Structures are given as structure tokens and as C-alpha cells.
Amino acid sequence: MFDSHSKAKKYFDKNVENYWKRSEAQVKNFSSMIFQRRIDIVENFLRRVRKGTVLDFGMGPAVFGSSCISQGLRYIGIDISPEMVQKAKSLNLQNAEFMVGDIDLLGVFRNKMDAVLCIGLLDYLEDPEQGILALADCVKPDGYLILSFRNRFSLPRYLRDVLKISLSVFHQCKLSWQKKAFFSEVHEKAFDYSTQLNPKLVHLGFRDFEVNYFNCSLFFFNFPLPSWIWRKWRCWDSQLASQRTRFLCSGGVIVAKRRQGDIP
Ligand SMILES: C[S@@+](CC[C@H](N)C(=O)[O-])C[C@H]1O[C@@H](n2cnc3c(N)ncnc32)[C@H](O)[C@@H]1O
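Cut-offs used in this document
Residues numbered from 1 in each chain as written. Predicted model: local features only at pLDDT ≥ 70, side-chain atom pairs only at ≥ 80, totals over all residues. Heavy atoms only, no water. Buried < 20%, exposed > 50% of the residue type's maximum accessible area, 1.4 Å probe, protein only. Helix = DSSP H or I, 4+ residues; strand = E, 2+ residues; numbered from the N terminus. Pairing = 2+ DSSP bridges. Near = heavy atom within 4 Å. Polar contact = N/O pair within 3.5 Å; in protein donor to acceptor, adjacent residues only side chain to side chain. 1 Å grid on protein atoms, 1.4 Å probe; cavity = no way out; pocket = protein on both sides within 12 Å on 5 of 7 lines; lining within 4 Å. Sits in = over half its atoms within 2 Å of the grid points. Points joined across faces, edges and corners; volume = space filled by probe spheres on them. Nonpolar A, V, L, I, M, F, W, Y, C, P; charged D, E, K, R; others polar. Axes fitted to C-alpha atoms, helices over the stretch in contact; angles between N-to-C directions. Contact = heavy atoms within 4.5 Å. UniProt positions renumbered as here; feature names shortened; annotations may be inferred. Parallel < 35°, antiparallel > 145°, perpendicular 65-115°, else oblique. Left-handed = near helix turned anticlockwise from the far one by under 90°. Salt bridge = Lys/Arg side-chain N within 4 Å of Asp/Glu carboxyl O. Phe/Tyr/Trp six-rings, centres within 6.5 Å; stacked < 30°, edge-to-face > 60°. Lys NZ or Arg CZ within 6 Å of the ring centre and 35° of its normal. Core = buried A, V, L, I, M, F, W, Y, C linked by side-chain atoms within 4.5 Å.

Details of the pairing of strand β8 (residues 249–258)
For a regular strand, side chains alternate in direction, first toward one face of the sheet and then toward the other. Across the ten residues of β8, ten count as buried, placing the element largely inside the fold. Taken together, the seven bridges between strand β5 (residues 139–151) and β8 define a ladder with antiparallel strand orientation. Counterpart to F149 in the pairing with β8 is G252.

Some details on the site of the ligand
Close to the ligand lie 22 residues, the nearest being Y19, G58, D79, D102 and I119. Here H5 contributes a side-chain N or O atom positioned 3.3 Å from a nitrogen atom of the ligand. One of the side-chain N or O atoms of D102 is found 2.8 Å from a nitrogen atom in the ligand. Taking a 2 Å distance to the grid points as the criterion, the majority of the atoms of the ligand fall inside the largest cavity.

Some thoughts on unusual backbone geometry
Of note in the backbone geometry, A25 takes a positive phi value of approximately 55° without being a glycine. Mapped onto the elements, A25 comes out in the loop between α2 (16–23) and α3 (30–46). With a relative accessible area of 14%, A25 lands in the buried category.

Regarding empty space enclosed by the protein
The tally for this structure, following the rule as stated, stands at one cavity of 30 Å³ or more. If you go around the largest cavity, you meet 49 residues; those closest to its centre are Y19, R38, G120, Y124 and R150. For the lining of the largest cavity, the element with the highest residue contribution is α3, accounting for five residues. Looking at the lining of the largest cavity residue by residue, the classes come out as 28 nonpolar, eleven polar and ten charged.

Description of the packing of α2 against α3
Where α2 contacts α3, the axes come no closer than 8 Å and their chain directions differ by 65°. In contact with Y19, R22 and S23 of α2, α3 contributes S31, S32, F35, Q36, R38 and I39. Classifying every residue of the contact of α2 with α3 by side-chain character gives three nonpolar, four polar and two charged.

Here's the deal with the UniProt feature "domain: Methyltransferase type" (unreviewed entry) in the chain
Listed under "domain: Methyltransferase type" (unreviewed entry) in the UniProt record, and renumbered for this structure, are residues 55–147. Split by type, residues 55–147 is 27% helix and 31% strand. Its first and last C-alpha atoms lie 12 Å apart.

Here's the deal with the packing of α3 against helix α10 (residues 227–240)
Remark: α3 packs on α10, axes separated minimally by 10 Å, with the N-to-C direction vectors making an angle of 45°. It follows from the interaxial angle that α3 and α10 lie oblique. As α3 runs across α10, the sense of the crossing is right-handed. In this structure, α3 contributes F30, S32, M33, Q36, R37 and D40 to the contact, and α10 contributes W230, W233, R234, D237 and S238. Here the residues of the contact of α3 with α10 are counted per class, giving four nonpolar, three polar and four charged.

Some details on the pattern of salt bridges
According to the stated counting rule, one finds eleven salt bridges in the structure shown. One connected set of salt bridges, linked through shared partners, spans D142, R207 and D208.

What to know about the packing of aromatic side chains
Both the distance between ring centres and the angle between the ring planes are used here to describe each pair of aromatic rings. Per the counting criterion, the structure on display carries 16 aromatic pairs. Measuring from centroid to centroid gives 5.9 Å for F12 and Y19, while their planes differ by 80°, and the two rings are edge-to-face. Of the two residues examined, F12 and Y19, each falls in the buried class. Taken together, the aromatic side chains of F30, F219, F220, F221, F223 and W233 make up a single cluster linked through ring pairs. Above the face of the W230 ring, K28 is positioned so that its terminal group lies 4.6 Å from the ring centre. It is R38 that lies over the ring of F35; its NZ or CZ is 5.3 Å from the centre.

Things to note about the nonpolar core
Formed by 41 residues in total, the largest nonpolar core has its most connected members in V42, L46, F64, L117 and I146. Of all elements in the fold, only α1 (3–14), α2, α3, α5 (82–90), β4 (113–118), β5, α10 and β8 reach the threshold of two or more residues within this core. Broken down by element, the residue count for this core peaks at nine residues, all from α3. When neighbours within four sequence positions are excluded, I146 is seen to be in contact with V42, F45, L46, V116, L117, C118, I119, V253, I254 and V255.

Pasting the structure below:
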């Protein structure tokens with residue numbers, strides 16, 4: 001296993017409960033608000049999947065398990081963190097299967113999935129290109145790939161990078177920030193949709209692209225929010241974040257359909 005992958009495993013093994021609370025919006029802060037925005041977009045894209053099986057790679061605590069199952073889909077979740085898989089199993093979802101595994105497990109799903117989810121995962125891969133290739137390969141012709149990414153050319157991204165660099169200079173300070181899930185120790189990789197992700201996916205045989213952005217703001221760190229602001233902000237963000245405002249948005253989600261026929 002790559003060193004960065006075992007770091008991610010350790011990190012998520014330690015942060016299951018924190019992650020679960022944010023994904024369920026049990027805590028109201030900026031991080032959980034962005035989280036919900038990403039979930040809203042992914043669930044909206046998932047409605048296109050009419051039948052069959054969804055593979056959720058890097059599923060965390062099966063964040064999309066119940067929405068897939070309530071749509072009548074079968075759900076297969078894979079995660080490198082045994083603690084995350086344990087949490088997912090404890091939800092007792094019907095028509096769902098969970099596995100502990102890394103990228104090399106994907107070979108058995110080649111051309112078999114009606115949809116593949118890769119949400120919040122790319123950051124943690126040693127070689128994101130290889131990861132995209134392996135995930136794309138699991139999608140059946142006419143199936144969907146739904147993939148989230150950190151937006152490379154965006155103001156919150158630059159501000160975050162500047163802060164991270166400053167924190168590593170002021171080592172003392174860094175130690176206290178690292179305890180927060182919002183700033184993980186794992187290297188954060190960011191991508192530009194039009195120049196990097198879209199061309200790669202077109203080359204892999206995908207078409208019918210749609211990309212939705214989220215977190216259109218100058219904020220790049222976590223802070224508590226009163227519930228009513230949290231709800232309003234989630235709603236504002238769904239209206240503000242768009243193709244036109246993408247330079248202010250920290251992340252995006254892509255959906256694309258795999259073409260029929262041979263894939264390069
Ligand atoms: C940021 S969380 C995303 C969880 C969920 N997909 C979501 O949308 O909230 C990233 C997840 O990917 C898992 N992960 C990281 N690297 C992985 C790898 N190489 N193989 C499988 N899972 C991995 C982590 O354990 C973690 O649960």
C-alpha cells in the first residue's frame with residue numbers, strides 16, 4: 001500500500017465519528033454546510049440512475065447508501081478504513097454490501113456498474129489519474145460516473161494554500177490546527193474541470209457532462225454557525241455557486257455518461 005494511502009486509512013480510522021456527525025449535519029458549522037451542499041448535488045445526479053448497482057468508492061460511513069437504496073438501487077461501498085466500513089455496516093442497510101479495500105480491488109468490477117461514485121476521494125489517492133482510470137473502467141456503457149473534486153483555480157483554494165504554508169512555517173500553530181478534520185494531514189490535490197478532468201474523461205469515453213460547483217465564498221476554514229444561518233447559507237450557496245462564479249467556489253461535482261463501444 002502507498003504510504004499516502006496508509007496515512008489516509010489511519011486518519012479516517014480515527015475520525016469516523018467526527019465525519020459521521022458532519023455528514024449527517026448533526027453539527028452545524030461551515031464544514032458540515034459545505035458537506036450538505038456536496039451531498040445535495042450528488043443525490044440530485046444520482047436520480048439519473050434508474051436501475052442496477054452503484055459502486056461507492058471511498059464511501060466513508062456509506063454517505064449515499066440510504067439514498068441509493070431508497071431509489072431501488074443496489075449499493076456496494078468500498079473504503080480503505082476498516083472503521084468506516086464497520087460504521088457503514090452498523091447502519092444495517094438492506095441491499096447493500098461493504099468491503100475494505102484500496103484501488104487494486106476495482107479490477108473485479110470492470111464494466112459491471114450502472115454508476116460509480118467517487119466523492120471526496122481524489123485528494124487521498126497517490127495517483128489520482130490512475131484512480132480515475134480504474135473507476136471509469138468499472139462503469140458499464142451508458143452508466144454514470146459521479147466524481148467530486150477540489151477546484152484548483154479558485155480563491156478559497158488559494159487562501160487555503162497560503163494558510164497551510166504559513167501553518168507549516170509556524171509549526172506550533174500547525175499542531176493545534178491539525179486536530180480539526182477540516183485540515184487533514186493528507187495532501188489536498190485540486191483539479192481544474194475544463195483543462196484536466198473533462199479532457200481526461202472524454203478520452204476515457206465519457207459524454208453528456210454536467211458540473212455543479214459548491215461553496216461560493218471567501219471562507220476556507222471551519223467555524224460554528226447558528227442553525228438558521230446554516231440553513232440559509234446552504235440555500236444561498238445553491239443559487240450562487242455556478243459555472244460563472246466557479247472562481248469563487250472551492251469544489252465541484254461532475255456527472256458523465258459512458259459511451260457505448262470500445263473504451264481506449
Ligand atoms: C472525505 S471521505 C469521503 C466519504 C464519502 N464518499 C463522502 O462523500 O462523504 C474519503 C473516504 O475515502 C476513503 N479512502 C481514502 N483513500 C482511499 C483509498 N485509497 N481506497 C479506498 N478508500 C479510500 C477514506 O477512508 C474516507 O472514508
